Amino acid sequence: MLLVSLISATLAFAQPVPALDAAATLAVPGEARRVILDGRSWACAPDGACVARGAGASQPVVRECRRFVARFGAVTRYERDGVALTEAQLTQCNAAAA
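(A) Layout of the packing of helix 2 (residues 61-72) against helix 3 (residues 87-94). The N-to-C vectors of helix 2 and helix 3 enclose an angle of 45°; their axes lie 8 Å apart at closest approach. When the interaxial angle is binned, helix 2 and helix 3 end up oblique. Classified by chirality, the crossing of helix 3 by helix 2 is right-handed. Between helix 2, through Val62, Cys65, Arg66 and Val69, and helix 3, the contact on the second element is made entirely by Gln89, Gln92, Cys93 and Asn94.

Given below as structure tokens:
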């Protein structure tokens, strides 16, 4: 009985880390900032690492990336739901930075 109580107590404190809905790495890091864009809450660190939470608007991932780039600048990495864009997709995405 004591063992069951200890296991239950341990599991109660073991909270899973929430998964990121999207993430990006800025080509040119800047100041830290937070922005809500297309239904996602983005937080970018001074080192250029950006993470997002939220369901986001229903749109193709390259379009979402282009909208992100238009707001934040070119990226070296962009992923949504754990899947990163390919080099060809990143090239399309970064065209929005011009």
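(B) Spatial organisation of empty space enclosed by the protein. Tallied over the full model, the rule gives 1 cavity of 30 Å³ or more. One number sums up the size of the largest cavity: a volume of about 50 Å³. Surrounding the largest cavity, Leu37, Asp38, Arg40, Trp42, Gly56, Ala57, Gln59, Glu64, Arg67, Phe68 and Tyr78 form its lining. Every element with two or more residues in the lining of the largest cavity is listed here: strand 3 (40-44) and helix 2. Looking at which element gives the most residues to the lining of the largest cavity, the answer is helix 2, with 3 residues.

(C) Summary view of the side chain of Gln59. One can find Gln59 in the loop between strand 4 (49-53) and helix 2. Taking the relative accessible area as the measure of exposure, Gln59 reaches 10% and is therefore buried. Within polar-contact distance, the side chain of Gln59 engages the side chain of Asp38 at 3.2 Å. Within polar-contact distance, the side chain of Gln59 engages the side chain of Arg63 at 2.7 Å. In this structure Gln59 touches Asp38, Glu64, Arg67 and Arg80, once residues within four positions along its chain are discounted.

(D) Here's a closer look at the nonpolar core. Ranked by internal contacts, the top residues of the largest apolar core, which has 20 residues, are Trp42, Phe68, Phe72, Val75, Tyr78 and Leu85. Elements with a contribution of two residues or more to this core: strand 1 (22-26), strand 2 (33-37), strand 3, strand 4, helix 2, strand 5 (75-80) and helix 3. Top contributing element to this core by residue count: helix 2, with 6 residues. Residue contacts for Val75: discarding those within four places in its chain leaves Ala24, Thr25, Leu26, Ala27, Cys65, Phe68, Val69, Leu90, Cys93 and Asn94.

(E) Representation of the state of the cysteines within the structure. Tallying each qualifying case throughout the model produces 2 disulfides. Through a disulfide, Cys44 is tied to Cys50; the S-S separation comes to 2.1 Å. The chirality of the disulfide connecting Cys44 with Cys50 is right-handed, given an S-S dihedral of about 115°. In this pair, the class of Cys44 matches that of Cys50, namely buried. Across a sulfur-sulfur distance of 1.8 Å, Cys65 and Cys93 are joined as a disulfide pair. The sign of the -80° torsion about the S-S bond sets the Cys65-Cys93 disulfide as left-handed.

Procedures and definitions
- Residues numbered from 1 in each chain as written.
- Predicted model: local features only at pLDDT ≥ 70, side-chain atom pairs only at ≥ 80, totals over all residues.
- Heavy atoms only, no water.
- Axes fitted to C-alpha atoms, helices over the stretch in contact; angles between N-to-C directions.
- Helix = DSSP H or I, 4+ residues; strand = E, 2+ residues; numbered from the N terminus.
- Parallel < 35°, antiparallel > 145°, perpendicular 65-115°, else oblique.
- Left-handed = near helix turned anticlockwise from the far one by under 90°.
- Contact = heavy atoms within 4.5 Å.
- 1 Å grid on protein atoms, 1.4 Å probe; cavity = no way out; pocket = protein on both sides within 12 Å on 5 of 7 lines; lining within 4 Å.
- Points joined across faces, edges and corners; volume = space filled by probe spheres on them.
- Buried < 20%, exposed > 50% of the residue type's maximum accessible area, 1.4 Å probe, protein only.
- Polar contact = N/O pair within 3.5 Å; in protein donor to acceptor, adjacent residues only side chain to side chain.
- Core = buried A, V, L, I, M, F, W, Y, C linked by side-chain atoms within 4.5 Å.
- Disulfide = S-S within 2.5 Å.

Just distances and angles here, no functional claims.
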